[in-house]
Amino acid sequence: MKREEKFVITVNRELGSGGRSVGRKLAERLQVKYYDKALIEGLTKKFGLTVEEIERIKAQKKTWWTEFNNYYKTRSATTLPMEAETVLTTASMISTEQRILQELAAQESCVVAGRSGFLVFREWPNSVSIFIQASMESRIERVMTRQGLSREEAIATIEKVDKGRDTYIKKYVQMNPELRSSLPNVSRYDTRHYDLVINMDGLTEDDAVEVIMSYIDRTSK
């Protein structure tokens, strides 16, 4: 990846792995914007975005990017809770999210967490795809601590989110003809989809950022 050029880094992660925080810290380190589910959904609702509306805005509303930046500053300054559930989205919403992410990435360098980023940007030039994982025990402990849940509740939350994310990816593939033919059984756990996979067991979030930065520095030469 060439840091001096516009780039996209996607961070897919398991709930309870710390991947979300790693993504935020990485974006801060690289001094670029960080996009995740909460911000994209907020953006979609605030501006009433659909695929058609995005095209209309691009053609007519020249102040959209300024307005978005103001919205981004407001939302990104707020500490959001760990994602507790994944709501199944419609094909229209998935298409809108995909278009929004690609439009944002076309504007400037960024770090994208989740939202099937490894698929959305699989053919994107100058990109790096990362997967953050951890042992189930580590994930359980983190979710228990961060959300104040019992062990049983934490396990149930992890299973629910894992299932929701898998379903999201299946829907994304089904609505993209090219992916349906080339990657009909795609799995976010298939390491071949990533440039770098990090197991967080024994690592801090800052350690993971250093690993990623080292990879970026080596591949940018």
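Everything here concerns the structure above.
Residues numbered from 1 in each chain as written. Predicted model: local features only at pLDDT ≥ 70, side-chain atom pairs only at ≥ 80, totals over all residues. Heavy atoms only, no water.

(A) The arrangement of unusual backbone geometry in detail. One non-glycine residue, Q31, lies in the positive phi region at around 60°. As for its placement among the helices and strands, Q31 is situated in the loop between helix 1 (19-30) and strand 2 (33-35). The exposure class assigned to Q31 is exposed, which follows from its relative accessible area of 74%. The phi dihedral of N126 falls on the positive side, at around 55°, and the residue is not glycine. Locating N126 in the fold gives a position in the loop between helix 6 (117-120) and strand 4 (127-133). Taking relative accessible area as the criterion, N126 reaches 17% and is therefore assigned buried. (Helix = DSSP H or I, 4+ residues; strand = E, 2+ residues; numbered from the N terminus. Buried < 20%, exposed > 50% of the residue type's maximum accessible area, 1.4 Å probe, protein only.)

(B) Quick look at the packing of helix 1 against helix 10 (residues 205-219). Closest axis-to-axis distance for the helix 1/helix 10 pair is 9 Å, and the angle between their directions is 55°. On the basis of the axis angle, helix 1 is oblique to helix 10. The interaxial crossing formed by helix 1 with helix 10 has right-handed handedness. Residues S21, V22, K25, L26, R29 and L30 of helix 1 pack against E205, D206, A208, V209, E210, I212, M213 and I216 of helix 10. Broken down by class, the residue content of the contact of helix 1 with helix 10 amounts to 8 nonpolar, 1 polar and 5 charged. (Axes fitted to C-alpha atoms, helices over the stretch in contact; angles between N-to-C directions. Parallel < 35°, antiparallel > 145°, perpendicular 65-115°, else oblique. Left-handed = near helix turned anticlockwise from the far one by under 90°. Contact = heavy atoms within 4.5 Å. Nonpolar A, V, L, I, M, F, W, Y, C, P; charged D, E, K, R; others polar.)

(C) Seen up close, the pattern of salt bridges. By the definition in use, this model includes 14 salt bridges. Put simply, E210 and R29 hold a salt bridge, and the shortest N to O gap is 2.7 Å. Within this pair, whereas E210 is found in helix 10, its partner R29 is found in helix 1, the two being separated by 181 residues in sequence. Looking at R29, the relative accessible area reads 41%, which means it is partly exposed. The closest approach of N and O atoms between R139 and D162, which form a salt bridge, is 2.9 Å. (Salt bridge = Lys/Arg side-chain N within 4 Å of Asp/Glu carboxyl O.)

(D) Region of the structure containing the packing of aromatic side chains. All told, the structure shown has 4 aromatic pairs when counted by the stated rule. Aromatic side chains F121 and W124 sit 5.1 Å apart centroid to centroid with 90° between the ring planes, which places their arrangement in the edge-to-face category. On the basis of relative accessibility, which here comes to 25%, the residue W124 falls in the partly exposed class. Geometrically, the ring pair formed by F131 and Y189 is edge-to-face, given 6.1 Å between the ring centres and 90° between the ring planes. Within this pair, whereas F131 is found in strand 4, its partner Y189 is found in the loop between helix 9 (177-182) and strand 5 (196-199), the two being separated by 58 residues in sequence. Among the aromatic residues, those joined into a ring-pair cluster are F118, F131, Y189 and Y194. (Phe/Tyr/Trp six-rings, centres within 6.5 Å; stacked < 30°, edge-to-face > 60°.)

(E) Looking closely at the packing of helix 7 (residues 136-147) against helix 8 (residues 151-174). Axis separation between helix 7 and helix 8 bottoms out at 9 Å; the angle between their running directions is 110°. With respect to helix 8, the axis of helix 7 lies roughly perpendicular. When helix 7 is examined against helix 8, the residues M136, E137, R139, I140, E141, V143, M144 and Q147 are found in contact with a partner set consisting of R151, A154, I155, T157, I158 and D162. Each residue belonging to the contact of helix 7 with helix 8 can be placed in one class, and the counts come to 7 nonpolar, 2 polar and 5 charged.

(F) Representation of the pairing of strand 5. The alternating pattern of strand 5 places L196 and I198 on a buried face and V197 and N199 on a face that is not buried. Pairing analysis gives 4 bridges linking strand 4 to strand 5, with the strands arranged parallel. Across the sheet, Q133 pairs through a bridge with N199, a residue of strand 5. (Pairing = 2+ DSSP bridges.)

These results come straight from atomic positions and should not be treated as a statement about function.
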